[in-house]
Amino acid sequence: MSEENGAEMERGIAQVMHDMGPGAVFSFARSGITMKVDEWRAEPLEGIDSGLVADHLAGRVESFRNGDQPPWRDIRDRGMDFYRVTSVSGEFFPTTVVCKECNAVTYRDTPKGLRQVGGSCPRGDCSGDLQQIQFVLVHDCGTVTNLTPSPCDSCEALDHIYLKRGAPESLRTWSFRCDRCPSHKEELSGYCEGCGDYIGVATPVESGSVYYAQRDAIVEIPPIGVSEADIPYGEGWARVLMAAHLENPDLGADDIPVEKVAATEGIDEEQIENYVDKLGEENREIVLEMIRDLSPGDGFSRNAVVAMNEKDVTAPDDRNWHTLVAHQLFAYLRCTRGYQGVRADIEDVDRHPTPRSLDEFVEDDDFVEKHPEAKYYRKNLETLNVSDAWVVDNFPLLNLLFGYTRDSPSAGETDLQPFEHPYDDETLAIYGDRSPSEAIVLELDRRAIIEWLLENSTLVKRDAPDLNDDQALKQWFLENVDPREIQNPFTPIEDPMTEDVYTLIHSMSHALMSTASEQCGLDRDSISELLLPNVPAIILYAESMEHFALGGMFTLFKTQINDWIADTKKFASECIYDPACKNAEEAAECHACMHVSEFTCEYFNESLDRNMLVGSEDLDPFWDMSI
């Protein structure tokens, strides 16, 4: 990253995408100044399935205030160009500066400008150093405006304007004054340069409301044996994946890839029902068997699978829901089962997950002899209600930065700003970074979650699934956890069931993230999360700055599980701010315990409560803390 006078600073690409996107204001601490990003230099990012990305982003953008306006309207039909940032340039901002000694106000437009006249106050009778005013005007239209005081009417110049400092906690007590005209007083306010609206109070440049990076993460697993255009993104694709997840025996042989099933249209539901009407409901299974014989390949066609799954899972008629569930299930299936077809069919091996299950280690006599502690892995994982675990190589994550907002974190209260296209094209410019790395997948015990919900009276028994039926448990999480509710951070989760399930999983993820670094040798900010609440499962992955796997997650999985679990329980049980944190009215979470760096958290440190894990006076614990 460089600024005007040639100074540079290094940042990881994940941090750049979170803190230094186009339009962001950032601190250049080494030089003691702040800057606004004015240019991203980037290179094309090739081979991205724009249809998949558009389908994934469509639900995100529609909730913004301008989501029904260009360029976000009909995003699935718009062209997209993808780029990876190579360097960032910034301009000196804000340009209003103040003397540290006499508080005189003037302007500079470059860092060099601060060093003019010896780096001191331009007034002849003062030699104080200059510094930027650390306040700006922020508006929800997406504009950030320099705070510009007006000249005194009598003096007709800024020569005698100074900053009258007020209470640090209230910028409304600060003002610009004239030291010759006592009647001249101007609050730290002004008009938005973008839309002209009046902004009544300034905002500190370090405030998070100056810039909200709108980002997303997609597990980018390309289909095998068919082109992206053959995959029917939407309900068809989602129901094929739901059928595979439910392990419906009618789906076909285990080695039939879901892509092949989804791409084979076959006989549609109306034709199936016509056959059933003619032969009678009692012969439905015979009809389905006939369709199996008529379908190309060794399994059912998409339409037949969709027809069967519609009877298994009740789903809303909403493409956004289908997209979110499909993304979770495809990532989960490939990161736990791997590719179910012939391995030789895979063209780009680096973009396809290679999972190894916990069983491969704990059931290997030679491994257990070398690592005797492995005998207790499953028992200890069960105390966290983790039912299974995998370590995954070639975890193919695509991080996306598709726009930004200002002033309000709530999507419905602000406009989503697109980025200027680097080549002035009319297509949307989306910035991204592929981060093939290693990951740990933890599948949570569905029955344990249902029992915990019943114990805490969030769920009543009549609405609970059969605790002894694994398919019924999977179906419950598909039907009762709404992924649309958790698609936009800062937007309240309105469905109580979704909120409790997601907060439980998210809290567990943060506790595990916060202690994993000590066991695997990776920096705490190098481990990120991806939650699959409809499975439910947690994916923790290593952010590799140089795009190669470091081996830390494999080491953690193979040899450090027991210590990891013990540290995680202790971590979730304590906070330096206890008892205030643990007894907080809303939730037990703060920056000293459950919070992680925002660019490693998928939900910006919202929806967390460690009391759900370890228990409190009002909550039964989800974890077994007795062992």
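Here, the structure is the one placed above.
Residues numbered from 1 in each chain as written. Predicted model: local features only at pLDDT ≥ 70, side-chain atom pairs only at ≥ 80, totals over all residues. Heavy atoms only, no water.

Trainee: In this structure, what is going on with the overall build of the protein? I would like to understand it.
Mentor: Counting its regular elements, the protein contains 18 helices and 21 strands. Whereas a compact globule of 627 residues would reach a radius of gyration of roughly 25 Å, the protein reaches 28 Å, a difference of no more than 12%. Taking the principal axes of its C-alpha atoms as reference, the protein extends roughly 95 × 55 × 45 Å. Expressed as a percentage of its 627 residues, the buried residues of the protein come to 57%. For the protein, the exposed surface amounts to about 27400 Å²; the carbon and sulfur share of it is 43%. (Helix = DSSP H or I, 4+ residues; strand = E, 2+ residues; numbered from the N terminus. Rg over C-alpha atoms; globule rule 2.2 N^0.38 Å. Buried < 20%, exposed > 50% of the residue type's maximum accessible area, 1.4 Å probe, protein only. Areas by Shrake-Rupley, 256 points an atom, 1.4 Å probe, with all protein chains shown as cover.)

Trainee: Whenever I open this one, the pairing of strand β3 (residues 33–44) confuses me. Can you help?
Mentor: For a regular strand, side-chain orientation follows a simple rule: the groups alternate between the two sheet faces. Of the pairings in the sheet, the one linking strand β2 (residues 25–28) to β3 comprises four bridges and is antiparallel in character. Bridge assignment links F28 to a residue of β3, and that residue is I33. The pairing of β3 with strand β4 (residues 80–92) spans nine bridges and is antiparallel. Residue pairing for β4: E39 is matched across the bridge by S89. (Pairing = 2+ DSSP bridges.)

Trainee: What exactly am I supposed to notice about the pattern of salt bridges here?
Mentor: Any two side chains of opposite charge can pair, on the condition that their charged atoms come close. Following the criterion strictly, the structure yields 24 salt bridges and no others. Its salt-bridge partner being E259, residue R334 comes within 2.7 Å of it at the nearest N-O pair. Note that R334 is positioned in helix α9 (residues 319–336) and E259 in helix α5 (residues 258–263), a separation of 75 residues in sequence. By the burial criterion, R334 is buried, and E259 matches it. R356 is paired through a salt bridge with E360; the nearest N and O atoms lie 3.2 Å apart. Each of the salt bridges in this network shares a partner with another, and the network as a whole consists of E247, R337, E443, R446, D470 and K474. (Salt bridge = Lys/Arg side-chain N within 4 Å of Asp/Glu carboxyl O.)

Trainee: Would you take a moment to explain the packing of aromatic side chains for this structure?
Mentor: Any two aromatic rings considered together are summarised by their centre-to-centre distance and by the angle between their planes. If you walk through the whole model with that rule in mind, you get 16 aromatic pairs. Seen from their ring centres, F361 and F557 are 5.8 Å apart, and the 65° between their planes marks the pair as edge-to-face. With a gap of 196 residues between them, F361 in helix α10 (residues 358–362) and F557 in helix α16 (residues 552–559) connect regions that are remote in the sequence. By the ring-pair criterion, three or more aromatic residues cluster together here, those being W40, Y83, Y211, Y404, F419, Y423 and Y431. (Phe/Tyr/Trp six-rings, centres within 6.5 Å; stacked < 30°, edge-to-face > 60°.)

Trainee: It is not clear to me how the packing of helix α4 (residues 235–245) against helix α8 (residues 302–312) should be interpreted in this structure. Could you clarify?
Mentor: Describing two packed helices takes the angle between their axes plus the distance from one axis to the other. Relative orientation of the contacting elements α4 and α8 amounts to 70°, with a least axis distance of 9 Å. Considering the angle they form, α4 stands roughly perpendicular to α8. In terms of crossing hand, the pair formed by α4 and α8 is left-handed. Touching E235, G236, R239, V240, M242 and A243 of α4 are R302, V305, V306, N309 and E310, all from α8. (Axes fitted to C-alpha atoms, helices over the stretch in contact; angles between N-to-C directions. Parallel < 35°, antiparallel > 145°, perpendicular 65-115°, else oblique. Left-handed = near helix turned anticlockwise from the far one by under 90°. Contact = heavy atoms within 4.5 Å.)

Trainee: Is there a simple way to explain the sheet that holds strand β9 (residues 144–146) in this structure?
Mentor: Each strand in a sheet pairs with its neighbour through backbone hydrogen bonds, running either in the same direction (parallel) or in the opposite one (antiparallel). Within the open sheet, the three strands sit side by side as β9-β8-β15. Their pairing is antiparallel. Of all strands in the sheet, those with a lone pairing partner are β9 and β15 (203–204), marking the two edges. As defined by bridge partners, strand β8 (residues 135–138) adjoins β9 across three bridges and the pair is classed as antiparallel. Residue pairing for β9: V138 is matched across the bridge by V144.

Trainee: What is the right way to look at empty space enclosed by the protein in this model?
Mentor: Gaps left between atoms are located by rolling a probe of water-molecule size over the structure's atoms. Applying the stated criterion across every chain yields a total of four cavities of 30 Å³ or more. Put simply, the largest cavity is a space of about 640 Å³. In this structure, the largest cavity is lined by 37 residues; those nearest its centre are R60, D216, A217, L530 and E602. When residues of the lining of the largest cavity are traced back to their parent elements, those giving at least two are α1 (13–19), α2 (50–61), β16 (212–219), α9, β18 (386–405), β19 (428–444) and β20 (527–532). (1 Å grid on protein atoms, 1.4 Å probe; cavity = no way out; pocket = protein on both sides within 12 Å on 5 of 7 lines; lining within 4 Å. Points joined across faces, edges and corners; volume = space filled by probe spheres on them.)

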